[in-house]
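What follows is the residue order along each chain.
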Amino acid sequence: MAEIRPTDVQKALKGASYPADRESLTNLAKKNKADQKVVEEISHLKRDRYEGPNEVQKELYGS
């Protein structure tokens, strides 16, 4: 996951309304024309629902 920067994820999820499910976040990343690697990582998030962007970042980066 080191090759994908947090700023890439932030751009991919710009405009997200939380709480949001994994599918909605994946579709938003595609709509925002995120890099395929970013879309792939979002589509493979473990949880189905996220209360905010900090939860997404925490799962992706462990911080």
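Everything discussed here concerns the structure shown above.
Residues numbered from 1 in each chain as written. Predicted model: local features only at pLDDT ≥ 70, side-chain atom pairs only at ≥ 80, totals over all residues. Heavy atoms only, no water.

Asker: Quick one: what's the story with the overall build of the protein, residue by residue and with numbers?
Answerer: Counting its secondary structure elements, the protein contains four helices and two strands. Counted from the first residue to the last, the protein has its helices and strands arranged as α-β-α-α-β-α. Relative to its length of 63 residues, the protein is compact, with a C-alpha radius of gyration of 10 Å against a globular reference of 11 Å. When the 63 residues of the protein are sorted by exposure, 29% land in the buried category. Across the protein, the fraction of contacts at a sequence separation of at least 24, relative to all contacts at a separation of at least 6, is 53%. With an accessible surface of roughly 4300 Å², the protein has 47% of that area assigned to carbon and sulfur atoms. Across the protein, the mean location of the 12 positive side-chain charges is 5 Å away from that of the 11 negative side-chain charges. (Helix = DSSP H or I, 4+ residues; strand = E, 2+ residues; numbered from the N terminus. Rg over C-alpha atoms; globule rule 2.2 N^0.38 Å. Buried < 20%, exposed > 50% of the residue type's maximum accessible area, 1.4 Å probe, protein only. Contact = heavy atoms within 4.5 Å. Areas by Shrake-Rupley, 256 points an atom, 1.4 Å probe, with all protein chains shown as cover. Lys, Arg positive; Asp, Glu negative; His and termini not counted. Charge placed at Lys NZ, Arg CZ, Asp CG, Glu CD.)

Asker: Run through the side chain of Gln-57, naming residues and quoting values.
Answerer: Tracing the chain through its elements places Gln-57 in helix 4 (residues 53-61). Here Gln-57 falls in the buried class, since its relative accessible area comes to 17%. Dropping the residues within four chain positions of it, Gln-57 is found in contact with Pro-6, Val-9, Gln-10 and Gly-62.

Asker: Tell me what's going on with unusual backbone geometry, and back it up with residues and numbers.
Answerer: Note: most peptide bonds trans; most residues except glycine with negative phi. A cis geometry characterises the amide bond from Tyr-18 onward to Pro-19, with omega recorded as 0 degrees. Assignment of secondary structure puts Pro-19 in the loop between helix 1 (6-12) and strand 1 (20-21). Non-glycine residue Lys-33 carries a positive phi angle of around 60 degrees. By the secondary structure assignment, Lys-33 is in the loop between helix 2 (22-31) and helix 3 (36-43).

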